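Here are the chains, one letter per residue:
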Amino acid sequence: MATSVDRIPSKPSRPAHDGTGPAPPRRVPLPILLACLCAALPLSLVCGAALGASGLSWAQVTRYLWAGLTGGAIGPDEVPAYTIVWELRLPRAVLAAVVGAGLSAIGVAVQAMVRNALADPFVLGISSGAAVGANAVLIFGALGALGIWALSTAAFLSALLAMLLVYAVARTERGLTPLRLVLTGTAMYYGFSAVTTFMVFAAERGEAARSAMMWLLGSLSGANWAAVPIAAGAVLAGLAHLGWSARRLNALALGDETAAALGVDAGRLRKELFLVSAAVTGAVVAVSGAIGFVGLMVPHAARMLVGADHRRLLAVAPLAGAVLLIWVDILSRVVLAPAELPVGVLTAVIGVPCFILLMRRRAYSFGGI
């Protein structure tokens with residue numbers, strides 16, 4: 001009798017604990033977890049607008065946020081402080097949330113696509129491809145006619161070119177296979193990284209090289225309201241597609257043969273995921289630089305909390321990633337204030353020990369618990 005994707009179980013079956021080994025981890029009830037994350041997100045956004053090198057009181061920040069939301073009036077002497085809150089800090093916090101959500105969701109998708117626990121949004125080589133275009137702008141002034149849009153445009157276009165190159169090399173008569181995608185993406189990553197390193201060393205201006213390195217390590221210092229709609233639109237479209245594909249992702253995670261038995265075309269789904277992952281990664285990297293570890297760590301942490309069902313994962317991981325990156329960005333601004341640390345440095349500092357602790361949990365395994 002034919003089966004369909006609608007009959008895919010919502011989560012892998014799990015044998016009862018017999019008392020002889022480590023007990024399976026306790027799940028956090030999904031409604032409670034979602035309620036906590038939904039409450040933490042706006043609170044984190046307010047904190048992102050309030051905390052920084054400039055000493056502004058919470059009362060001032062709250063009033064400026066209310067004035068910005070409602071169009072209220074402020075005094076002429078308050079314009080500089082209002083600008084810091086509404087035009088600098090808040091769009092930066094919003095963009096951090098968008099980037100964190102996008103990287104986390106794509107991390108879930110890529111790990112299912114290549115069935116590899118070490119996969120993240122950058123494994124396809126898209127981020128390093130975007131870095132080539134961004135460095136061309138920062139170091140050599142390419143696309144200068146586009147003004148403030150030059151950096152994001154160059155990064156996104158070079159990310160798309162990298163995507164096409166990876167696809168052309170990885171594709172075979174049988175379509176896209178997990179192993180070829182990982183190997184091709186890894187090879188392209190090192191190739192593009194070599195190009196960007198050469199560009200940095202070839203730079204004649206020290207400040208240009210410093211800006212390029214800051215971007216390569218991930219930074220939200222250039223955030224503004226104009227950058228938010230494009231990145232947010234790409235992330236929301238990606239989340240919508242992944243949410244619609246959640247049941248098929250459950251089947252794909254079980255292997256191509258099992259997916260075929262359940263009525264899922266693994267090759268076609270892998271192509272869809274590749275395009276969505278590349279587009280969203282290119283969009284967020286274009287505005288934030290290469291922020292690592294979020295797309296690797298957050299999906300694993302979400303699995304530990306809610307299990308391997310992609311419908312639950314794709315509800316939790318984007319919210320968790322958004323909250324995480326807001327607070328990492330806050331730390332990047334206050335740890336060495338008034339100097340600023342690259343966001344990617346802090347995600348690695350925080351992510352490495354957390355990931356090691358996660359992997360040391362004897363009850364945890366990728367793709368199902």
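Within each chain, residue numbers correspond to sequence positions counted from 1 in written order. With pLDDT at 70 or above as the cut-off, local features in this predicted model cover only qualifying residues; side-chain atom pairs require 80 or more to be listed or tallied, and sums for whole chains, interfaces and linings still use all residues. In computing side-chain properties, one takes all heavy atoms of the structure into account and sets aside hydrogens as well as water.

### Structural notes on the overall build of the protein
- Scanning the protein for helices and strands turns up 14 helices and zero strands.
- We count a stretch as a helix when DSSP gives it H or I for four or more residues in a row; a strand needs E for two or more, and each element gets its number in order from the N terminus. In the protein, the order of α-helices and β-strands from amino to carboxyl end is α-α-α-α-α-α-α-α-α-α-α-α-α-α.
- Only protein chains enter the area calculation, which uses a 1.4 Å probe; residues under 20% of their type maximum are buried, those over 50% are exposed, and those in between are partly exposed. Counting only residues that meet the buried cut, the protein has 49% of its 369 residues in that class.
- Residues count as neighbours in contact if any of their non-hydrogen atoms are within 4.5 Å of one another. Partitioning the contacts of the protein with sequence separation of at least 6, the portion at a separation of at least 24 is 77%.
- A 1.4 Å probe and the Shrake-Rupley method give the accessible areas. Residues count as covered only by the protein chains that appear here. Accessible surface for the protein amounts to roughly 17000 Å². Of this, 67% is attributable to carbon and sulfur atoms.

### What to know about the pattern of salt bridges
- Only one rule defines a salt bridge in this text: a Lys or Arg side-chain nitrogen within 4 Å of an Asp or Glu carboxyl oxygen. Evaluated as defined, the whole model comprises nine salt bridges.
- A salt bridge links Arg92 to Glu340; the nearest nitrogen and oxygen atoms lie 2.7 Å apart. Note that Arg92 is positioned in helix α3 (residues 79-114) and Glu340 in the loop between α13 (310-334) and α14 (343-360), a separation of 248 residues in sequence.
- Given the relative accessible area of 7%, Arg92 is considered buried.
- For Glu340, a relative accessible area of 24% puts it in the partly exposed group.
- One connected set of salt bridges, linked through shared partners, spans Arg92, Asp329, Arg333 and Glu340.

### Observations concerning the packing of aromatic side chains
- Pairing of aromatic side chains requires ring centres within 6.5 Å, counting the rings of Phe and Tyr and the six-membered ring of Trp. Pairs whose planes differ by under 30 degrees are stacked, by over 60 edge-to-face, and all others tilted. Under the counting rule described, the total for this entry stands at four aromatic pairs.
- With a centroid separation of 6.2 Å and 90 degrees between ring planes, the pair formed by Tyr64 and Tyr82 is classed as edge-to-face. Here the residue Tyr64 occupies a position in helix α2 (residues 58-70), and Tyr82 occupies one in helix α3, the gap between them amounting to 18 residues. Here Tyr64 and Tyr82 have matching classes, each one buried.
- Ring centres 5.3 Å apart and planes at 75 degrees place the aromatic pair Tyr189 and Tyr190 in the edge-to-face group.
- Classification of Tyr189 as partly exposed rests on a relative accessible area of 36%.

### Notes on the confidence of the model for the protein
- pLDDT: the predictor's confidence for each residue, scored from 0 to 100. Predicted confidence across the protein gives a mean pLDDT of 83, with 89% of residues reaching 70 or more.
- Predicted confidence for residues 11-22 stays below pLDDT 50, and this span has 12 contacts to residues more than four positions away or in other chains.

### A closer look at helix α6 (residues 178-202)
- Expected span of a helix, by definition, is 1.5 Å for each gap between consecutive residues, and there is one gap fewer than residues. Look at α6: 36 Å from first C-alpha to last across 25 residues, which is about the 36 Å you get at 1.5 Å a residue.
- The set of residues buried in α6 consists of Pro178, Leu181, Val182, Thr184, Gly185, Met188, Phe192, Thr196, Met199 and Val200.

### Observations regarding the nonpolar core
- One finds Leu95, Val99, Met113, Leu181, Leu273, Phe274 and Leu325 to be the most contacted residues of the largest nonpolar core, which totals 95 residues.
- Setting aside anything within four residues of it in sequence, one finds Phe274 in contact with Met113, Leu124, Met163, Val166, Tyr167, Leu176 and Leu181.
- The criterion is simple. A nonpolar core is a set of buried Ala, Val, Leu, Ile, Met, Phe, Trp, Tyr and Cys residues joined through side-chain atoms within 4.5 Å. Judged by nonpolar contacts, the second largest core, of seven residues, contains Ala136, Val200, Ala209 and Ala212.

### Things to note about the state of the cysteines
- Two cysteine sulfur atoms make up a disulfide if the distance between them is within 2.5 Å. In the structure shown here, the tally under the stated rule is zero disulfides.
- Cys38 forms no disulfide, and the closest cysteine sulfur to it belongs to Cys36, at a distance of 9.5 Å.

### A look at the side chain of Thr184
- Residue position: Thr184 is located in helix α6.
- Thr184 gets classed as buried once you look at its relative accessible area, which sits at 9%.

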